[in-house]
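Chain residues, written in single-letter form:
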Amino acid sequence: MVGLDLTEAGKRFQYEWIFKALSFHIPAGSKCVVTGSNGSGKSTLLKCLSAVQPLTEGSIDYNFQEKKIKETEIFEYLAISAPYLELPEEFTLSELLSFHFKFKSPLEGLDHEEMVKLMYLDNQKDKYISQFSSGMKQRLKLGLCLFSEAPLLFLDEPTSNLDSKGVDWYLKMMGLYAKEKTVVICSNEPKEYGFCDIQIHIEDYKLRPKL
Ligand SMILES: Nc1ncnc2c1ncn2[C@@H]1O[C@H](COP(=O)(O)OP(=O)(O)OP(=O)(O)O)[C@@H](O)[C@H]1O
């Protein structure tokens, strides 16, 4: 499992500091939620944690089984589901599973047949992703993350587009397949992060005007 240490982390776009002086330890195996109002910087923090965007100042240290991991290698340990990451619409479900699992190992004992059943997408294997409903796409995004052999999971708004059955499914899948992983969730929806043991409220790390 991967542990993360943020030290005096700050991110600025042009003249606007999105967060500043964020020092935080996320222990390996913990479940962490990043909360804050719309536009407060949750997704920006997740992009910095996944090394997709650089910090403006400060640092992030990653460690896996007592060993430091370089920022340029963190993607190998990581699976991400986020609204801004699109699925390749021109693939069928079967093709996408084959493609995805060329790059990520599947969890031991799970074959594509079983994954499709777990995502309740049976009978959809030959359907193009472009023809999936938004809820089907969301289950697929989460399934691709959860069923990959990745010790670090980043989930941005994991239950967006899911109905109440889908939310129950997400909670069940998290209990079954995320237990042994370090998880960071961006959310404003208590029902999707009730199981988290750490909370970062991003608005606590804004630049405050000096009194
Ligand atoms: N590439 C960028 N360039 C300039 N500003 C950006 C960029 N990306 C994000 N921002 C700004 O950073 C701020 C935080 O955006 P972010 O998407 O991280 O918020 P969020 O908390 O995830 O919001 P939401 O809950 O609505 O998804 C916003 O003001 C946004 O306009």
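Here the structure is shown first, and the text comes after it.
All chains use their own residue numbering, which begins from 1 and follows the written sequence. This being a predicted model, a pLDDT of at least 70 is required before a residue's local features are given, and a value of 80 or more before pairs of side-chain atoms are given or counted; all residues contribute to the totals for chains, interfaces and linings. Side-chain metrics rest on all non-hydrogen atoms present in the structure, leaving aside hydrogens and water.

Peer 1: Help me understand the sheet that holds strand β4 (residues 57–64) in this model?
Peer 2: Between any two strands, at least two bridges found by DSSP are needed for them to pair. Helix and strand definitions here come from DSSP, where helices need a minimum of 4 consecutive H or I residues and strands a minimum of 2 consecutive E residues; each element is numbered from the N-terminal end. Strand order in this open sheet of four strands is β2-β1-β4-β5, and the pairing throughout is antiparallel. Because the sheet does not close on itself, it has two edges, and the strands there are β2 (16–26) and β5 (67–69). Adjacent strand axes in the sheet meet at a mean angle of 25° when their direction is disregarded. Residues count as neighbours in contact if any of their non-hydrogen atoms are within 4.5 Å of one another. Axis geometry follows a simple rule: fit a line to the C-alpha atoms, using only the stretch in contact for helices, then measure angles between N-to-C directions, giving values from 0 to 180 degrees. Of the strands in this sheet, β1 (2–13), β2 and β4 touch helix α1 (residues 42–49), which is tilted by about 125° from β1.

Peer 1: Would you explain the site of the ligand in this entry?
Peer 2: For each residue, the test is whether any non-hydrogen atom lies within 4 Å of the molecule or strand; if one does, the residue is near. Close to the ligand lie F13, E16, I18, S37, N38, G39, S40, G41, K42, S43, T44 and E157. Polar contacts, as counted here, are pairs of nitrogen or oxygen atoms within 3.5 Å of one another; within protein the pair requires one atom able to donate a hydrogen and one able to accept it, and residues that are adjacent in sequence qualify only if both atoms are side-chain atoms. A distance of 3.2 Å is found between an oxygen atom of the ligand and a backbone nitrogen or oxygen belonging to S40. The side chain of K42 places a nitrogen or oxygen atom 2.7 Å from an oxygen atom of the ligand. About the coverage of the ligand: the protein hides 63% of its 650 Å² of free accessible area. Of all the secondary structure elements, the ones that give two or more residues to the shell around the ligand are β2 and α1. Ranked by the residues each element gives to the shell around the ligand, the list is headed by α1, at three residues. Each residue is assigned to one class: nonpolar for Ala, Val, Leu, Ile, Met, Phe, Trp, Tyr, Cys and Pro, charged for Asp, Glu, Lys and Arg, and polar for all the others, Gly among them. The residue makeup of the shell around the ligand, split by class, is two nonpolar, seven polar and three charged. Here the open area of atoms and residues is found with the Shrake-Rupley method and a 1.4 Å probe, where only the protein chains shown may cover a residue.

Peer 1: I tried to follow the pattern of salt bridges on my own but got confused; where do I start?
Peer 2: Opposite charge on two side chains allows them to pair when their charged atoms are near. Within this document, salt bridges are pairs made up of a side-chain nitrogen of Lys or Arg and a carboxyl oxygen of Asp or Glu, the two lying within 4 Å of each other. Going through the model one piece at a time under the given rule, you end up with five salt bridges. With a closest N to O distance of 3.1 Å, E113 and K125 form a salt bridge. Of this pair, E113 sits in helix α3 (residues 112–118) while K125 sits in the loop between α3 and α4 (134–146), and the two are 12 residues apart along the sequence. Buried, partly exposed and exposed residues are distinguished by accessible area as a fraction of the type maximum, computed with a 1.4 Å probe on protein chains only: under 20%, between the cut-offs, and over 50%, respectively. Judged by relative accessible area, which is 42%, E113 ranks as partly exposed. A residue is classified by how much of its surface remains accessible, and K125, at 29% relative accessible area, is partly exposed. When the shortest N-O distance is used, the salt bridge between K191 and E189 registers 3.2 Å. What makes K191 partly exposed here is its relative accessible area of 44%. Classification of E189 as partly exposed rests on a relative accessible area of 32%.

Peer 1: Whenever I open this one, the sheet that holds strand β9 (residues 198–201) confuses me. Can you help?
Peer 2: Where strands meet in a sheet, backbone hydrogen bonds hold them as pairs that are either parallel or antiparallel. Taking strand neighbours across the sheet as the criterion, the five strands line up as β6-β7-β8-β3-β9 in an open arrangement whose pairing is parallel. The sheet terminates laterally at β6 (78–81) and β9, the two strands that pair on one side only. Across the sheet, the mean angle separating the axes of adjacent strands is 15° when strand polarity is ignored. Taken together, the four bridges between strand β3 (residues 31–35) and β9 define a ladder with parallel strand orientation. Looking at β9, one finds that T35 is bridged to H201.

Peer 1: Even after reading the chapter, I still don't get the packing of aromatic side chains, so can you show me in this structure?
Peer 2: Aromatic ring pairs are reported here in terms of the distance separating the ring centres and the angle at which the planes meet. Stacked, edge-to-face and tilted are the three classes for Phe, Tyr and Trp ring pairs, Trp counted by its six-membered ring, which pair at centre distances within 6.5 Å; planes under 30 degrees apart are stacked, over 60 edge-to-face, the rest tilted. For the coordinates displayed, the defined rule picks out six aromatic pairs. Pairing F64 with Y77 gives two aromatic rings, centres 5.1 Å apart and planes at 65°, and the pair type is edge-to-face. With F64 in strand β4 and Y77 in the loop between β5 and β6, this residue pair connects regions lying 13 residues apart in the sequence. For Y77, a relative accessible area of 14% gives the class buried. Between F91 and F99, the ring centres sit 5.2 Å apart and the planes meet at 70°, which makes this aromatic pair edge-to-face. The exposure class assigned to F99 is partly exposed, which follows from its relative accessible area of 38%. Lying across the ring of Y84, K47 places its NZ or CZ 4.3 Å from the centre. Placement of a charge over a ring requires the Lys NZ or Arg CZ to be within 6 Å of the ring centre, with the centre-to-atom vector within 35 degrees of the ring normal.

Function cannot be inferred from these measures alone, as they are strictly geometric.
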